[in-house]
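# Working through the structure, step by step
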Amino acid sequence: MAETEKDDVQGLLSKRDELLREVRTLKDRVTELEGERDAATGRAEKAETEVQRVRLDEPVAEILGDMFAVKLKYVLPDIQEHFAFTLADDGKVQFTAKDGAPVKVGDAGKEREAGFNPDDVRAALEAHGGFDDVLLSRGKSGGGKPPATRAGAGVALPGAGKARKVAPEFGLR
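Residues numbered from 1 in each chain as written. Predicted model: local features only at pLDDT ≥ 70, side-chain atom pairs only at ≥ 80, totals over all residues. Heavy atoms only, no water.

## A look at the confidence of the model for the protein
Caution is warranted with low-pLDDT regions, since their predicted coordinates should not be read in detail. Rule in force here: pLDDT is a per-residue confidence score from the predictor, ranging from 0 to 100. Only DSSP runs of H or I covering at least 4 residues are called helices, and only runs of E covering at least 2 are called strands; the numbering of each starts at the N terminus.
The share of residues in the protein with pLDDT of 70 or more is 80%, and the mean pLDDT across the chain is 82. For the protein, the element scoring lowest by mean pLDDT is strand S3 (residues 104–105), at 86; helix H1 (residues 2–64) scores highest, at 92.

Take a look at the structure:
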C-alpha cells in the first residue's frame, strides 16, 4: 500500500502543480482583460464627452452666444439654475425648465412649448426677467461695440479741414 499511496501523493502533487499553473494563467488573463476594459471605458467616456460637446454644448453656445452683453461662460451658470438643455433620445436638444417641465412661451391665451431655437429661448429668458441686465435687445449684436452714433456729425467746424501753418520757433525751418 505504501507504493500506491506514494503514487497517489505524486499524482495529487502533479495535479496541484497543474492547477496552480492554470490559476496563474487565468490571473494573468484577468489582469489583461481588466486593462482592456479600462481602456475601453476610457474610450467610451471620451466618445460620450465628444458627443456631448458636438450635439449639446456647441449648439447651446451657438444659440445663446449673441444674446448677452457679457460672455456666455459668465451667464450660463445662472441660466442653468432655471433652465436645462438636454439631449433627447432622438439626439435633438431639449429646452426645459430645471425641474424637467416644458418651458411655455407666447401670450397667456396662446402658450406653446418652447423649442430649441433662438426666438423661443430668447422669449423664455425675457419672460423669466432675471436676465434683463445682460440680455441684449433683439437686433443688437453681441460685439461689445458702442452704438455707431456720432454726435454733431452734420456740423462742420470752421477751419477743421485746413492745416494751419505755424511759424517755426527760433527762426529755424
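## Section: a negative patch on the surface
To be explicit about the condition: What makes a patch is a set of residues exposed beyond 30% relative accessible area and free of salt bridges, joined within 9 Å when like-charged and within 5 Å when nonpolar (Val, Leu, Ile, Met, Phe, Trp, Tyr). Note on areas: Shrake-Rupley, 1.4 Å probe, and residue coverage restricted to the protein chains presented here. Basic side-chain nitrogens of Lys or Arg form a salt bridge, by our definition, when they fall within 4 Å of a carboxyl oxygen of Asp or Glu. The convention is simple: Lys and Arg are positive, Asp and Glu are negative, and His and the chain ends are not counted. Every charge is mapped onto a representative atom, which is NZ of Lys, CZ of Arg, CG of Asp or CD of Glu.
A contiguous patch of negative charge on the surface is contributed by Glu 3, Glu 5, Asp 7 and Asp 8. One can find Glu 5 in helix H1.

## Remarks on the nonpolar core
As a reminder of what qualifies: By nonpolar core we mean a set of buried residues, namely Ala, Val, Leu, Ile, Met, Phe, Trp, Tyr and Cys, connected to one another through side-chain atoms within 4.5 Å. To sort residues, take the accessible area from a 1.4 Å probe on protein chains only and compare it with the maximum for the residue type: under 20% means buried, over 50% means exposed, and anything in between is partly exposed. Residues count as neighbours in contact if any of their non-hydrogen atoms are within 4.5 Å of one another.
Residues Leu 64, Phe 68, Ile 79 and Leu 125 are the most contacted members of the largest nonpolar core, which totals 22 residues. Of all the elements in the fold, those that place two or more residues in this core are H1, helix H2 (72–82), strand S1 (83–87), strand S2 (93–97) and helix H3 (118–128). It is H1 that provides the largest number of residues to this core, a total of four residues. Ignoring sequence-local partners within four residues, the contact set of Leu 64 consists of Leu 72, Leu 76, Ile 79, Phe 85, Val 121 and Leu 125.

## Section: the environment of Gly 91
If you trace the backbone, Gly 91 turns up in the loop between S1 and S2. When its relative accessible area of 18% is taken as the criterion, Gly 91 is described as buried. Taking the C-alpha atoms as reference, Gly 91 lies 9.7 Å from Val 51; in sequence the two are 40 residues apart.

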